[in-house]
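If you want the building blocks of each chain, they are given just below.
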Amino acid sequence: MSAKAKLFLQFIALAAAIAATAMAPQIFEVFDLMQLTLFAAMGVLALSLGFIWGFGGILSFGQTAFFGLGGYAYAVAAINYGDSTGAILLAMIVPAIFATVLGYFVFYGRISDVYLGVITLTVTLILFNVVNSTAGDEYRIGTAPLGGFNGMPSVPTFNMPFDPETVLDPVQGWYATGGGLILVYMFLRLLLWSPFGRVAVAVRENEVRASLLGYDPRLIKLAVFVVGSAIAGLAGALYVNWGAFVSPTIFALSLSAEIIIWVTVGGLGTLIGPVVGCFLIQYLVAQIGSQQTFNSNLILGVILIAFVLLLPKGLVPAVRDLLLQALRALPRRAASIRDADQPVEAE
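Here goes a summary of the coordinates provided. These figures come from a predicted structure and were not determined experimentally.

### Re a nonpolar patch on the surface
Then, number 1: Residues L89, L90, I93, I97, V101, Y104 and F105 make up a contiguous nonpolar surface patch of roughly 690 Å² in combined accessible area.
Then, number 2: Structurally, I97 is set in helix α4 (residues 84-107).

In structure tokens:
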């Protein structure tokens, strides 16, 4: 596939996403718009894993650790300061710092990819149990009680920048969340076009070759890991803003497994794929949850197995390949029609 064809498809997808975000409040009722807001927040989470796994070669089984840290950091800051502006930034900074410390020991300790997945999974379990054990009144940060297994209710939602008195309504909240998803996508796309992104992909493909060229694969992988963790923290803030509530279930291992399914179904090695997979799977789970005939976990397992066996590249790469084949076939079809319309000269 040529670079021009890739750029054209990416531009079309981005334009469609911007148009859909702008038109959604005119199409959907408030309840459906709130559901889309949740999907968009989870789409940012899917992008975080899609970036570090698809382009950094780092499979994190515990991406919800950074998601939960971001959610709790936002809740604590928003309760203490009453302004979501700084709380959103803190929701990205705290997971990034935690990922820097964890990633340093993992990557500079030359721990293999398999053990990396186990470590991130273990960290998620530890965070869940630690936060779950903070039910007493003495467990508070500033004026924000952590609440333990009861969670933190009535968390202040997003307000206009540096204006705590102007709280966003559901439509404005959708614009903030959907716009945040688009901005994260554009940021990652520009990052992948930069020299750093090209080196990150080179490290994913062959660490030895990249090191022979003078790059430090450990530093590159650490940077990719930190960026993905900061994005997961932003997703945590968007999620808490949607529900005005956060609890230890934000660290759930079931959600970590779902993120992997989103990326696998949508298409590993793409940025659009994880978002598409996230929206499709969440919509399907929501529809299954409205009836009692099928178990949602069973359906998710069947979907994962089917895509791994039938569409190993994922949905978006498969559709992209079909579109490119159709575009390449158009000139040949036009030429054959033109040749057929020409009169046959008599000998």
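Having seen it, we continue.
### Overview of the packing of helix α3 (residues 64-81) against helix α5 (residues 113-132)
Then, number 1: Contact geometry for α3 and α5: axes closest at 8 Å, N-to-C directions at 35°. Counting all contacts with α3, which are made through T64, A65, L69 and Y72, the residues of α5 involved are V123, T124, L127 and V131.
Then, number 2: Grouping the amino acids of the contact of α3 with α5 by side-chain chemistry returns six nonpolar, two polar and no charged.

### A few points about the nonpolar core
Then, number 1: With 86 residues, the main nonpolar core has L45, Y74, M152 and W262 as its most contacted residues.
Then, number 2: Top element by residues in this core is helix α2 (residues 30-54). It accounts for 15 residues.
Then, number 3: The contacts of Y74, once residues within four sequence positions are left out, are S84, A87, I88, A91, V155, P156, T157, F158, A237 and V240.

### Remarks on the side chain of Q63
Then, number 1: Mapped onto the secondary structure, Q63 falls in the loop between α2 and α3.
Then, number 2: On the basis of relative accessible area, Q63 is assigned to the buried category, the value being 1%.
Then, number 3: Of note is the side chain of Q63, whose polar atom sits 3.3 Å from the side chain of S60.
Then, number 4: Residue contacts for Q63: discarding those within four places in its chain leaves L45, S48, L49, I52, G228, S229, A232, S256 and I259.

### A closer look at the layout of surface pockets
Then, number 1: Estimated volume of the largest pocket: approximately 1300 Å³.
Then, number 2: Looking at the largest pocket, it is lined by 43 residues, and the ones nearest its centre are A13, Y185, R189, L271 and I272.
Then, number 3: Only α1 (3-27), α2, α6 (170-193), α7 (195-205), α11 (272-289) and α13 (315-341) provide two or more residues apiece to the lining of the largest pocket.
Then, number 4: Here the element with the most residues in the lining of the largest pocket is α1; it accounts for 13 residues.
Then, number 5: Taken together, the residues of the lining of the largest pocket sort by class into 32 nonpolar, six polar and five charged.
Then, number 6: Around the second largest pocket, the lining comprises 19 residues; the ones closest to its centre are L38, M42, Y239, L255 and Q282.
Then, number 7: Going through the elements one at a time, α2, α9 (217-243), α10 (253-266) and α11 are the ones with two or more residues in the lining of the second largest pocket.
Then, number 8: When its residues are assigned to classes, the lining of the second largest pocket shows 14 nonpolar, four polar and one charged.

### Quick look at the packing of aromatic side chains
Then, number 1: Scanning the entire structure with this criterion turns up 10 aromatic pairs.
Then, number 2: Plain terms: the ring middles of Y74 and F158 are 5.5 Å apart, the flat faces sit at 75° to each other, and that makes the pair edge-to-face. Of the two residues, Y74 sits in helix α3 while F158 sits in the loop between β2 (144-145) and β3 (159-160), which places them 84 residues apart along the sequence.
Then, number 3: Look at Y74 and you get buried, because its relative accessible area is 0%.
Then, number 4: Exposure remark for F158: the relative accessible area of 5% places this residue in the buried category.
Then, number 5: The rings of F66, F98, F107 and F225 are connected pair by pair, giving a single aromatic cluster.

### Details of the side chain of R189
Then, number 1: Position of R189 relative to the elements: it lies in helix α6.
Then, number 2: It turns out R189 is buried and unbridged, and the closest side chain with the opposite charge, E205, is 13 Å from it.
Then, number 3: Residue contacts for R189: discarding those within four places in its chain leaves Q10 and L271.

### Description of the pairing of strand β4 (residues 163-167)
Then, number 1: Bridge count between β3 and β4: two bridges; the pairing is antiparallel. The residue of β4 that forms the bridge with N159 is V167.
Then, number 2: Counted along the chain from β3 to the antiparallel partner β4, the turn is two residues long, and its residue F162 has a positive phi close to 60°.

### Brief notes about the pattern of salt bridges
Then, number 1: The tally for this structure, following the rule as stated, stands at four salt bridges.
Then, number 2: A salt bridge links R204 to E205, with the shortest nitrogen-to-oxygen separation between them at 2.4 Å.
Then, number 3: Judged by relative accessible area, which is 55%, E205 ranks as exposed.
Then, number 4: The shortest N-O distance in the salt bridge between R218 and D216 comes to 3.2 Å.
Then, number 5: Residue classification places R218 among the partly exposed positions, given a relative accessible area of 26%.

Criteria and cut-off values
Residues numbered from 1 in each chain as written. Predicted model: local features only at pLDDT ≥ 70, side-chain atom pairs only at ≥ 80, totals over all residues. Heavy atoms only, no water. Patch = residues over 30% accessible without salt bridge, like charges linked within 9 Å, V, L, I, M, F, W, Y side chains within 5 Å. Areas by Shrake-Rupley, 256 points an atom, 1.4 Å probe, with all protein chains shown as cover. Salt bridge = Lys/Arg side-chain N within 4 Å of Asp/Glu carboxyl O. Helix = DSSP H or I, 4+ residues; strand = E, 2+ residues; numbered from the N terminus. Axes fitted to C-alpha atoms, helices over the stretch in contact; angles between N-to-C directions. Contact = heavy atoms within 4.5 Å. Nonpolar A, V, L, I, M, F, W, Y, C, P; charged D, E, K, R; others polar. Core = buried A, V, L, I, M, F, W, Y, C linked by side-chain atoms within 4.5 Å. Buried < 20%, exposed > 50% of the residue type's maximum accessible area, 1.4 Å probe, protein only. Polar contact = N/O pair within 3.5 Å; in protein donor to acceptor, adjacent residues only side chain to side chain. 1 Å grid on protein atoms, 1.4 Å probe; cavity = no way out; pocket = protein on both sides within 12 Å on 5 of 7 lines; lining within 4 Å. Points joined across faces, edges and corners; volume = space filled by probe spheres on them. Phe/Tyr/Trp six-rings, centres within 6.5 Å; stacked < 30°, edge-to-face > 60°. Lys, Arg positive; Asp, Glu negative; His and termini not counted. Pairing = 2+ DSSP bridges.

Note that all results are geometric; they support no functional claim without further evidence.
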